[in-house]
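Here are the chains, one letter per residue:
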Amino acid sequence: MNILFVSSAKHFGGTERWTSMAAAELAGRGHSVWVCCPDLPHADQFISENRLIRSVPSGLEDTRGKADLAATISKLDINVVIPVSQRMYFLTGQIARRLNIAMVLRLGIVRLPWRPVLDWFGYGIWPDAIIVNTSRIKRVLSWAPFVKPDRIHVIYNGITQDLPVANSNRDERFTISFVGTVSWRKGVWHLISALSHLPDDILRKTRLQIIGTGPALNQCRRLVEKHRLHDNVSFEGHLENPSSQLANSDLFTLLSMQEGISNSLLEAMNAGVASYTTLVGGHGEFIRNGVNAYVASSRNPKAVARDLVAIINDKDRARIARAGQETVEKLFTTVSMGDQLETLLHRVVHTTNLPLTQAMVHRRSDVPG
């Protein structure tokens with residue numbers, strides 16, 4: 001198959017990480033894979049340069065961008081296009097239907113479509129299938145009257161199972177790590193504020209490393225200054241491969257208010273690091289509090305501080321970390337993700353490659369009434 005992923009993301013976050021892993025897995029199986037994305041510094045993280053298309057339409061009114069994307073799809077003889085950004089669902093679907101090729105959108109966060117016309121077509125009429133990474137996303141998406149549940153396919157994220165190696169300059173303090181986009185949604189502000197509520201004797205022995213960039217980075221820096229936490233918090237910026245930093249951690253923390261399933265969480269658990277997270281999105285489908293991870297019942301900084309004290313003093317932390325590692329090894333492999341992706345894409349491409357009149361009948365019968 002000839003496959004094109006389309007992203008409009010300005011930052012390289014979880015969805016973009018999934019895109020790069022899915023593209024690599026499908027390419028490794030012999031498919032021809034390209035990624036279309038904005039010409040930004042993170043573009044080369046998606047795929048090799050010779051398979052990278054450094055442009056994407058800026059919106060529905062970008063007629064030149066849409067024409068260029070359609071021309072690229074035709075030139076590469078693409079069989080299936082996979083938009084991974086909400087802004088691209090309607091636009092890419094419109095082009096795919098005009099060219100009579102398959103379109104499979106990927107949604108990695110809990111979201112109920114509500115926009116008239118754009119979401120009716122973007123989620124309900126244009127796509128041949130919808131990939132989500134949690135059962136909860138499927139349930140919420142199915143509430144939309146124009147989306148057929150049998151079009152929605154739950155495919156868990158896959159991550160590479162290579163175990164990271166800790167480096168020799170490990171800090172003696174209890175090290176908490178955050179990896180991801182530094183945004184309000186991810187709860188980094190709450191985590192920093194929680195440190196300010198730790199007892200002095202514990203705070204002296206605790207450090208937080210924030211790995212990533214994002215729109216809330218400057219606010220978080222100011223918060224560190226406000227609470228005088230310069231000796232306890234470090235901003236590491238974006239790291240292409242933070243595995244050694246994770247391996248040197250005692251605890252991974254993610255206080256998101258909205259997720260699908262966090263790749264960073266899975267990678268931390270796979271690294272054998274105890275994890276502390278909110279039960280948002282699909283996390284409740286595999287996280288068990290005190291069994292394979294720790295669950296935050298609140299993002300309130302004082303409550304988080306109490307949880308952190310309990311976790312730091314928990315003698316079962318290593319056992320919980322091992323159980324988390326086993327969970328990821330069982331449920332979240334790139335091989336399993338690749339098998340399911342490949343099967344789904346083969347099916348929709350076969351359907352779309354029917355003679356035009358048959359394909360139109362098929363789609364018309366599958367449109368929500």
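Residues numbered from 1 in each chain as written. Predicted model: local features only at pLDDT ≥ 70, side-chain atom pairs only at ≥ 80, totals over all residues. Heavy atoms only, no water.

### Regarding the packing of helix 3 (residues 86-99) against helix 4 (residues 118-125)
Next, step 1: Running from amino to carboxyl end, helix 3 crosses helix 4 at an angle of 75 degrees, the nearest separation of the two axes being 9 Å. In terms of axis orientation, helix 3 runs roughly perpendicular to helix 4. Here Q86, Y89 and F90 of helix 3 come into contact with helix 4, specifically with L118, D119, F121, G122 and Y123. (Axes fitted to C-alpha atoms, helices over the stretch in contact; angles between N-to-C directions. Helix = DSSP H or I, 4+ residues; strand = E, 2+ residues; numbered from the N terminus. Parallel < 35°, antiparallel > 145°, perpendicular 65-115°, else oblique. Contact = heavy atoms within 4.5 Å.)

### Description of the nonpolar core
Next, step 1: Among the nonpolar cores identified, the biggest contains 82 residues, and I3, F5, I192, L195, L251, Y276 and L308 are the most heavily contacted of them.
Next, step 2: Here this core takes 6 residues from helix 13 (residues 334-352), the largest share from any one element.
Next, step 3: What I192 contacts, discounting residues up to four positions off in sequence, is L208, I210, C220, L223, V224, L229 and F235.
Next, step 4: The next biggest cluster of nonpolar side chains, apart from the first, holds 35 residues, and it includes C36, A96, I101 and F146. (Core = buried A, V, L, I, M, F, W, Y, C linked by side-chain atoms within 4.5 Å. Buried < 20%, exposed > 50% of the residue type's maximum accessible area, 1.4 Å probe, protein only.)

### Considering the confidence of the model for the protein chain
Next, step 1: Averaged over all residues, the pLDDT of the protein chain equals 90, while 93% of them reach at least 70.
Next, step 2: Here residues 354-369 is a poorly scored stretch, pLDDT under 50, and it has 25 contacts once near neighbours within four places are set aside; other chains count. (pLDDT = per-residue confidence, 0-100.)

### Observations concerning the side chain of T277
Next, step 1: Residue position: T277 is located in strand 12 (residues 274-278).
Next, step 2: Since its relative accessible area comes to 0%, T277 is described here as buried.
Next, step 3: A distance of 3.4 Å separates a polar atom in the side chain of T277 from a polar atom in the side chain of H283.
Next, step 4: Contacts of T277, omitting those with residues within four sequence positions, involve L254, L265, H283, Y294, V295 and A296. (Polar contact = N/O pair within 3.5 Å; in protein donor to acceptor, adjacent residues only side chain to side chain.)

### Some points on the sheet that holds strand 13 (residues 294-296)
Next, step 1: Strand order in the open sheet made by the 6 strands is 10-9-8-11-12-13, with parallel pairing throughout. Looking along the sheet, the strands with just one partner apiece sit at the ends: strand 10 (233-237) and strand 13. Neighbouring strand axes in the sheet, compared pairwise and without regard to direction, differ in orientation by 25 degrees on average.
Next, step 2: Where strand 8 (residues 174-179) meets strand 9 (residues 206-211), 6 bridges bridge the pair, whose relative direction is parallel. Bridge pairing in strand 9 places I176 opposite L208.
Next, step 3: Along the sheet, helix 11 (residues 301-312) contacts strand 8, strand 9, strand 11 (251-254), strand 12 and strand 13; its crossing angle with strand 12, the most-contacted strand, is approximately 160 degrees. (Pairing = 2+ DSSP bridges.)

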